[in-house]
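An overview of the molecular structure
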2 protein chains.
Amino acid sequence: MRLSRYFLPILRDAPKEAEIVSHRLMLRAGMIRQEAAGIYAWLPLGLRVLNKISDIIREEQNRAGAIELLMPTLQLADLWRESGRYDAYGEEMLRIKDRNERDLLYGPTNEEMITEIFRAGVRSYKDLPKNLYHIQWKFRDERRPRFGVMRSREFLMKDAYSFDLDAEGAKTAYNRMFVAYLRTFERLGLKAIPMAADTGPIGGDLSHEFIILAKTGESQVFCHKDFLGFEAPDADVDFDDAAGLQAVVDKWTASYAATEEMHDEAAFGAIPAEAQVTARGIEVGHIFYFGTKYSVPMKALVTGPDGKETPVHMGSYGIGPSRVAAAAIEAGHDDAGIIWPDAIAPFRVGLINLKPGDAGVDAACEDLYAKLTASGVDVLYDDTDDRPGSKFATADLIGLPWRLVVGPKGLAAGQVELKRRAGGAAETLSPEAALTAILG
Amino acid sequence: MRLSRYFLPILRDAPKEAEIVSHRLMLRAGMIRQEAAGIYAWLPLGLRVLNKISDIIREEQNRAGAIELLMPTLQLADLWRESGRYDAYGEEMLRIKDRNERDLLYGPTNEEMITEIFRAGVRSYKDLPKNLYHIQWKFRDERRPRFGVMRSREFLMKDAYSFDLDAEGAKTAYNRMFVAYLRTFERLGLKAIPMAADTGPIGGDLSHEFIILAKTGESQVFCHKDFLGFEAPDADVDFDDAAGLQAVVDKWTASYAATEEMHDEAAFGAIPAEAQVTARGIEVGHIFYFGTKYSVPMKALVTGPDGKETPVHMGSYGIGPSRVAAAAIEAGHDDAGIIWPDAIAPFRVGLINLKPGDAGVDAACEDLYAKLTASGVDVLYDDTDDRPGSKFATADLIGLPWRLVVGPKGLAAGQVELKRRAGGAAETLSPEAALTAILG
């Protein structure tokens, strides 16, 4: 993408209303724009990040056997009356009347609707297990929306729902998502630690939050330092192997890890002092097993092997891509701007032309741009007339993993400059060597 | 995808409430499910079609230089008060109050919001032209929603907005989208004809609807038969060549083409009788040039080359992917079910195992499934225990382009059966020859 043709409304000054660093940087980098309290437009740069996050989540959901569909944003209030949550949900639910005075609501979550879809389509235990998910905008009418897309009112959520014949099957379904989440966050370039959690308004018996560590995180967390060295299972993990999945989950739940809410000072104190990690964390995923909480009142029944109808056991599994985008910035930034993990960077390379109009520099840039693009590398090519200082500031602010600079002086010596945003010195090398370094 | 693990809730009987064939077939094929009047969930099979349509639209928008972003579904009423449309829009606008009694609305279109985003980010004519688009859910509170996703209340829309310094630039921007739409519909496998149109509530001076012909179309249309032979420009069309774009538009607007609303009997009568085409049509796209209608009241100004501030000239350009899915079915079906164009079929191949459990048949199916999948072909592999008749009926209903059948009898002779859904006899051939035929 040529910057001269792109839409990247950089703000040079930090907006006053932004209280946390990710919010400040996302506004400054032209990633998002507030359209109402807690309601944001995702500008082109931000949307690229959001889509890369969603794509990784989707790939890992699919790998784990979940099936994607798409539920609408608006729901009938009657559906929530079936589960009993319509009155219970409180003021965070955005309630709407249409022109015919029917009660609708903007879905804050989808347990009811997916249960309705499931019960209409599945009759027999033979069709189980099933895991259905979607990635859709949701709305929670926070009293005081703030922190940008970290806690917005309209937010994107991947929510998956599992259906099993019994508690044992449901536990395997839960483990499947647990493992998929480990893989997802690792691929996103984030260190996420599962921590036992309260079930809150979703309800249920078993729940884990996935927390990433970030100095500027929203809450205090406590864990064993072993977690910092754990690696997620490989891509060939067998999601049909219940025992294998359980072994992974056992490993990741054997050591102490807790949010402030669930913290047990005594249990934490029992860990050797040198293994105690106290840090700031951000919740980026939450999984629940809640058995028959929705299937009983909503009559989501299947015929079991014994010919009898039985309510299905369910779980739900959420990751908020819009929140993950902000959390990744909280975990990766410096004074100059964002430092993206490679996997979710909006572009992999920022190519800077120091002297547009200089035939040699233009030609060298066009050649690098064409070769990188042809190799499937996303490039943002700064071909604008801005001053070099401004171009470097923009590059640091938007935080692309590689910065490749072409200027007349270096080029006369057959050289360009390559630098990793995440650190390390700028390297002077030939254009071919730069391509090799980027393409790995 | 193995059907045994998929979620495909086929309905054997046509639902009573569905008045048009696309609605009936989408419900029966397990593509969509109604969640409220005019509000649908897109089940896995339907979502695949919707995504394929959106992807083609996106590729052609990008090719034409449009930049993707994503605006939220909810908007502030105040924004629409700036343009004067808040009170004018009428009952189709879903008006919402949040917990703090702020007036919101579910966006039915985005001229106001994109103008607000543009004016905050662009100051100079040097940044023009710009075309910003998104693909997002919108809501129009139809008095009597019907016809399934053809006229739903919550619907998916690609809407693009162009910004230019003057009317001449805006005309080129309009032509760019006109040509992009020709390419888009041709790639979608649909014959679309541009017809001069009323501008309606969007307003403006120039407008075309893109109408596809379908026997069961919603309205009468009239055109010269030349249109049926026209081909859209190739992928290498130069979207920076204003004269070249104008030539394409001239060709596609020189002959008579009109919807019932705009029909001129005398002009149509002037066409030789043998060239007069009267048919049923479905609107699948609509483009508008409306000059400064929004930029003047909303003060979307840029500094021109003369240093003076001037309101930008705008256009907007819509295609509804959810509507296109239904329109494609209206244009392609028979008594047995849907006949998808290859480009938007949910899967390209339906592989049918006539005897699951038979080791030879299972092995042959697995081999074909693996080879097709490895070649990037989407396969829905019917590995269920259903009777062959039921499998064939499902295959016809969901309308995948290729049906590949493997049974014990044929296999004993080293043969499988291959058939195009769109017509033609079933062919008996070796598995290798079948692969060659499918992979082309």
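Definitions and limits used
- Residues numbered from 1 in each chain as written.
- Chains lettered and ligands numbered in written order.
- Predicted model: local features only at pLDDT ≥ 70, side-chain atom pairs only at ≥ 80, totals over all residues.
- Heavy atoms only, no water.
- Helix = DSSP H or I, 4+ residues; strand = E, 2+ residues; numbered from the N terminus.
- Rg over C-alpha atoms; globule rule 2.2 N^0.38 Å.
- Buried < 20%, exposed > 50% of the residue type's maximum accessible area, 1.4 Å probe, protein only.
- Contact = heavy atoms within 4.5 Å.
- Buried area = accessible area lost by both parts, 1.4 Å probe.
- Salt bridge = Lys/Arg side-chain N within 4 Å of Asp/Glu carboxyl O.
- Polar contact = N/O pair within 3.5 Å; in protein donor to acceptor, adjacent residues only side chain to side chain.
- Nonpolar A, V, L, I, M, F, W, Y, C, P; charged D, E, K, R; others polar.
- Pairing = 2+ DSSP bridges.
- Axes fitted to C-alpha atoms, helices over the stretch in contact; angles between N-to-C directions.
- Domains from an automatic or database assignment.
- Phe/Tyr/Trp six-rings, centres within 6.5 Å; stacked < 30°, edge-to-face > 60°.
- Lys NZ or Arg CZ within 6 Å of the ring centre and 35° of its normal.
- Expected span 1.5 Å × (residues − 1).
- Arc of directions from axis to C-beta.
- Parallel < 35°, antiparallel > 145°, perpendicular 65-115°, else oblique.
- Left-handed = near helix turned anticlockwise from the far one by under 90°.
- Least-squares fit on C-alpha atoms with pLDDT ≥ 70 in both.
- Patch = residues over 30% accessible without salt bridge, like charges linked within 9 Å, V, L, I, M, F, W, Y side chains within 5 Å.
- Areas by Shrake-Rupley, 256 points an atom, 1.4 Å probe, with all protein chains shown as cover.
- Lys, Arg positive; Asp, Glu negative; His and termini not counted.
- Charge placed at Lys NZ, Arg CZ, Asp CG, Glu CD.
- Right-handed = clockwise from strand over helix to strand, strands pointing away.

In this section: the overall build of chain A. Of regular secondary structure, chain A possesses 13 helices and 23 strands. A compact globule built from 440 residues should have a C-alpha radius of gyration of about 22 Å, and chain A, at 24 Å, falls within 12% of that. If one aligns the C-alpha atoms of chain A with their principal axes, the spans along those axes are about 80 × 60 × 40 Å. Counting over 440 residues, chain A shows a buried share of 57%.

It is worth spelling out the interface of chain B and chain A at this point. Listed as interface residues are 54 residues of chain B and, on the opposing side, 54 residues of chain A. Of the roughly 4700 Å² buried where chain B meets chain A, counting both sides, 59% is carbon and sulfur surface. Where chain B packs against chain A, one counts eight salt bridges. Measuring nitrogen to oxygen at the nearest pair gives 2.8 Å for the salt bridge that ties R153 of chain B to D98 of chain A. Counting the contacts that link chain B with chain A gives 20 residue pairs in polar contact (both at pLDDT 80 or more). Taken together, the residues of the side of chain B that touches chain A sort by class into 31 nonpolar, five polar and 18 charged.

This brings us to the pattern of salt bridges. All names here are of chain A. In this structure the tally under the stated criterion is 66 salt bridges over all chains. The partner of E60 in a salt bridge is R187, with the nearest N and O atoms 2.9 Å apart. Here the residue E60 occupies a position in helix α2 (residues 44–63), and R187 occupies one in helix α6 (residues 167–187), the gap between them amounting to 127 residues. Each member of the salt-bridge network shares a partner with another, and the members are E59, E60, R63, R183 and R187.

Further remarks concern the sheet that holds strand β19 (residues 349–353) of chain B. All names here are of chain B. Spatially, the five strands line up as an open sheet ordered β20-β19-β21-β22-β23, and their pairing is mixed. With partners counted over all chains shown, the strands left at the sheet margins are β20 (379–382) and β23 (427–429), one partner each. In this sheet, adjacent strand axes meet at a mean angle of 20° when their direction is disregarded. In this sheet, strand β21 (residues 402–406) lies alongside β19 in parallel orientation, the contact comprising five bridges. Note on β21: the bridge partner recorded for G350 is R403. Sheet strands in contact with helix α13 (residues 431–439) are β19, β21, β22 (416–420) and β23, and its direction is about 20° off that of β22.

Residue and element names in this part refer to chain A. Taken domain by domain, chain A comprises domain 1 (3–338) and domain 2 (349–439). For domain 1 and domain 2, the distance between their C-alpha centroids amounts to 37 Å. With 17 residues of domain 1 at the interface, the matching set in domain 2 holds 14 residues. Between domain 1 and domain 2 lies a buried interface of about 1200 Å² when both sides are counted; carbon and sulfur atoms form 56% of it.

A few words on the packing of aromatic side chains. Going through the model one piece at a time under the given rule, you end up with 33 aromatic pairs over all chains. A centroid spacing of 5.5 Å and a plane angle of 65° characterise the contact between F227 of chain B and F230 of chain B, whose relative ring orientation is edge-to-face. Take F227 of chain B and F230 of chain B: they sit in the same class, and that class is buried. Members of the aromatic cluster, each reached through a chain of ring pairs, are Y106 and F139 of chain A together with Y106 and F139 of chain B. The ring of F347 of chain A has R48 of chain A lying over it, and the distance from NZ or CZ to the ring centre is 3.9 Å.

Here we take up helix α7 (residues 242–253) of chain B. Residue and element names in this part refer to chain B. The terminal C-alpha atoms of α7 lie 16 Å apart, and with twelve residues this matches the ideal 16 Å at 1.5 Å per residue to within 8%. Within α7, the full set of buried residues consists of L245, V248, V249 and W252. The buried residues of α7 occupy an angular sector of 95° when projected down its axis, which confines them to one face.

Residue and element names in this part refer to chain A. Contact pair helix α10 (residues 359–374) / helix α13 (residues 431–439): the axes reach a minimum separation of 11 Å and the direction vectors enclose 25°. It follows that α10 is roughly parallel to α13 by the angle criterion. With respect to the hand of their crossing, α10 and α13 are arranged in right-handed fashion. Facing α10, whose interface residues are L368, K371 and L372, α13 presents P431, L435, I438 and L439.

This paragraph deals with the relation of the copies chain B and chain A. Superposing chain B onto chain A takes a rotation of 180° plus a shift of 0.0 Å along the axis, which leaves an RMSD of 0.0 Å. Read as a symmetry element, the transformation amounts to a two-fold axis. Considering only C-alpha atoms, the part of chain B nearest the rotation axis is I96 of chain B, at 3.0 Å. Looking at chain B, 100% of its interface residues are interface residues in chain A too, so the copies touch through the same face.

Moving on to unusual backbone geometry. Residues and elements named next belong to chain A. With an omega of -5°, the peptide bond running from L128 to P129 counts as cis. Take P129: it is sitting in the loop between α5 (111–121) and β7 (130–139). Located in the positive-phi region is E101, a residue other than glycine, with phi close to 65°. Position of E101 among the secondary structure elements: in the loop between β5 (94–97) and β6 (103–106). Phi at F147 takes a positive value of approximately 65°, unusual for a residue other than glycine. Examined against the element boundaries, F147 turns out to sit in the loop between β7 and β8 (154–164). Residue classification places F147 among the buried residues on the basis of a relative accessible area of 18%.

Judged by side-chain charge, E186, E231, D234 and D236 of chain A come together as a negatively charged surface patch. For D234 of chain A, the location among the structural elements is in the loop between β11 (219–224) and α7 (242–253).

Moving on to the environment of G399 of chain B. All names here are of chain B. Its location among the elements puts G399 in the loop between α11 (388–398) and β21. Residues G399 and P431 lie 32 residues apart in sequence; the distance between their C-alpha atoms is 22 Å. If near-sequence neighbours (up to four positions away) are discounted, G399 is found in contact with I338, I339, W340 and R421.

What follows deals with the pairing of β11 of chain A. All names here are of chain A. In this structure, β11 lies alongside strand β13 (residues 276–291), joined through six bridges in antiparallel fashion. When the sheet's bridge partners are listed, H224 is paired in β13 with Q276. As judged from the three bridges shared by β11 and strand β12 (residues 257–259), these two strands associate in the antiparallel manner. Bridge pairing in β12 places C223 opposite A257.

Turning our eyes to something else, we now look at the pairing of β19 of chain B. Residue and element names in this part refer to chain B. Burial within β19 is extensive, with five of its five residues counted as buried. Both faces of β19 are covered, namely the face carrying V349, L351 and N353 and the face carrying G350 and I352. Here β19 runs beside β20; their pairing, made up of four bridges, is parallel. Across the sheet, I352 pairs through a bridge with D382, a residue of β20. With helix α10 (residues 359–374) bridging β19 and its parallel neighbour β20, the resulting β-α-β unit is right-handed.

Before going further, it helps to spend a moment on the sheet that holds β6 of chain A. Residues and elements named next belong to chain A. Sheet architecture is open: three strands sit in the order β4-β6-β5, paired in antiparallel fashion. Pairing within the sheet leaves two strands with one partner each, and these edge strands are β4 (74–76) and β5. For this sheet the average axis-to-axis angle between neighbouring strands, irrespective of direction, equals 40°. One ladder, built from four bridges, connects β5 with β6; its direction is antiparallel. If you follow R95 over to β6, its bridge partner there is L105.

Moving on: the environment of L25 of chain A. Residues and elements named next belong to chain A. Inspection of the secondary structure assignment puts L25 in helix α1 (residues 21–28). Judged by its relative accessible area of 5%, L25 is buried. It is 9.5 Å that separates the C-alpha atoms of L25 and A336, two residues lying 311 residues apart in sequence.

Residue and element names in this part refer to chain B. Here S255 shows up in the loop between α7 and β12 (257–259). For S255, a relative accessible area of 19% corresponds to the buried category. Non-local contacts of S255, meaning those with residues more than four positions away in its chain, are made with H224, D226 and F227.

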